[in-house]
Amino acid sequence: MTETTQQNRSGPSGGRLGEGRGASDPRVRGKTTIADGVVAKIAGMAAREVDGVHAMGAGMSRTIGAVRDRVPGGGGGGGSSVTRGVKVEVGETQAAIDLDIVVEYGVSITDVASDVRENVIGSIERMTGLEVVEVNVTVDDVNLPDQEHEEEQPERPRLQ
């Protein structure tokens, strides 16, 4: 019978090298930081997925964003439109989200807000592991069926 002697090699933490490999939880072997912009993009996409949401953002930010999106090279492709109307606060384990939305005329605003809240919470928690402590939804406007056509056509002068 042969006896084996374990070598007493120390690792950087003072424990023996190889000790606990595979047994230790990989989640404690480093830190993951999720940027506010990542959470904002997820929230913006999740809110837009809900039926009844016409647009995101308060009036002025939508106007500026629409102009920016139409100008070639104006920054429309950088994801800014995804985060329009979204404000987030992200901590180490929790997140809070504020959303400004425009709903379609005829939908139940309370149902749309509830569906937005549910979809945003589910998406953020599933994708990031953060606990969403609150999602505040502000409905800034209602999109009327013929409103888009009026906005696209410039107003004609009364006098010629």
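Conventions we followed
Residues numbered from 1 in each chain as written. Predicted model: local features only at pLDDT ≥ 70, side-chain atom pairs only at ≥ 80, totals over all residues. Heavy atoms only, no water. Helix = DSSP H or I, 4+ residues; strand = E, 2+ residues; numbered from the N terminus. Contact = heavy atoms within 4.5 Å. Areas by Shrake-Rupley, 256 points an atom, 1.4 Å probe, with all protein chains shown as cover. Core = buried A, V, L, I, M, F, W, Y, C linked by side-chain atoms within 4.5 Å. Buried < 20%, exposed > 50% of the residue type's maximum accessible area, 1.4 Å probe, protein only. pLDDT = per-residue confidence, 0-100. Pairing = 2+ DSSP bridges. Right-handed = clockwise from strand over helix to strand, strands pointing away. Axes fitted to C-alpha atoms, helices over the stretch in contact; angles between N-to-C directions. Parallel < 35°, antiparallel > 145°, perpendicular 65-115°, else oblique. Left-handed = near helix turned anticlockwise from the far one by under 90°. Nonpolar A, V, L, I, M, F, W, Y, C, P; charged D, E, K, R; others polar. Expected span 1.5 Å × (residues − 1).

(A) Spotlight on the overall build of the protein chain. The number of helices and strands found in the protein chain is five helices and four strands. Helices (α) and strands (β) of the protein chain occur, in sequence order from the N terminus, as α-β-α-α-β-β-α-β-α. Within the protein chain, counting contacts between residues at least 6 apart in sequence, those at least 24 apart form 68% of the total. Total accessible area computed for the protein chain in this model is approximately 11600 Å², and 48% of it derives from carbon and sulfur atoms.

(B) Inspection of the nonpolar core at higher detail. Val86, Ile97, Leu99, Ile101, Val116, Val120 and Ile124 are the most contacted members of the largest nonpolar core, which has 25 residues in total. For this core, the secondary structure elements donating two or more residues are α1 (36-48), β1 (53-56), β2 (86-90), β3 (94-104), α4 (109-128) and β4 (131-143). Residues within four places of Ile101 in sequence aside, it is in contact with Val53, Ala55, Met56, Gly57, Val112, Val137, Thr138, Val139, Asp140 and Asp141.

(C) Up close: the confidence of the model for the protein chain. Averaged over all residues, the pLDDT of the protein chain equals 79, while 63% of them reach at least 70. Of the regions scoring below 50 in pLDDT, residues 1-11 engages in 11 contacts with residues more than four places distant in sequence or in other chains.

(D) Region of interest: the pairing of β4. Bridge analysis of β3 against β4 gives 11 bridges, and the strand direction is parallel. In the strand pairing of β4, Ala95 is matched with Val132.

(E) A look at the pairing of β3. For β3, the buried fraction is high: eight of the 11 residues fall into the buried class. Sheet analysis places β2 next to β3, joined by five bridges and oriented antiparallel. The partner of Val88 across the bridge, within β3, is Ile97. The turn linking β2 back onto β3 is made up of three residues. Crossover handedness for the path β3 to α4 to β4: right-handed.

(F) Spotlight on the packing of α1 against α4. Relative to each other, α1 and α4 sit at 140°, their axes nearing to 8 Å. In terms of their interaxial angle, α1 and α4 are classed as oblique. Both α1 and α4 take part in a crossing whose hand is right-handed. For the pair formed by α1 and α4, the contact residues are Val39, Ile42, Ala43, Ala46 and Ala47 on the first element and Val116, Asn119, Val120, Ser123, Ile124, Met127 and Thr128 on the second. Across the contact of α1 with α4, the residue classes break down as nine nonpolar, three polar and no charged.

(G) α1, seen in detail. When the terminal C-alpha atoms of α1 are compared, their 18 Å separation across 13 residues agrees well with the 18 Å that a helix rising 1.5 Å per residue should span. Taken together, the buried positions of α1 are Val39, Ala40, Ile42, Ala43, Gly44, Ala46 and Ala47.

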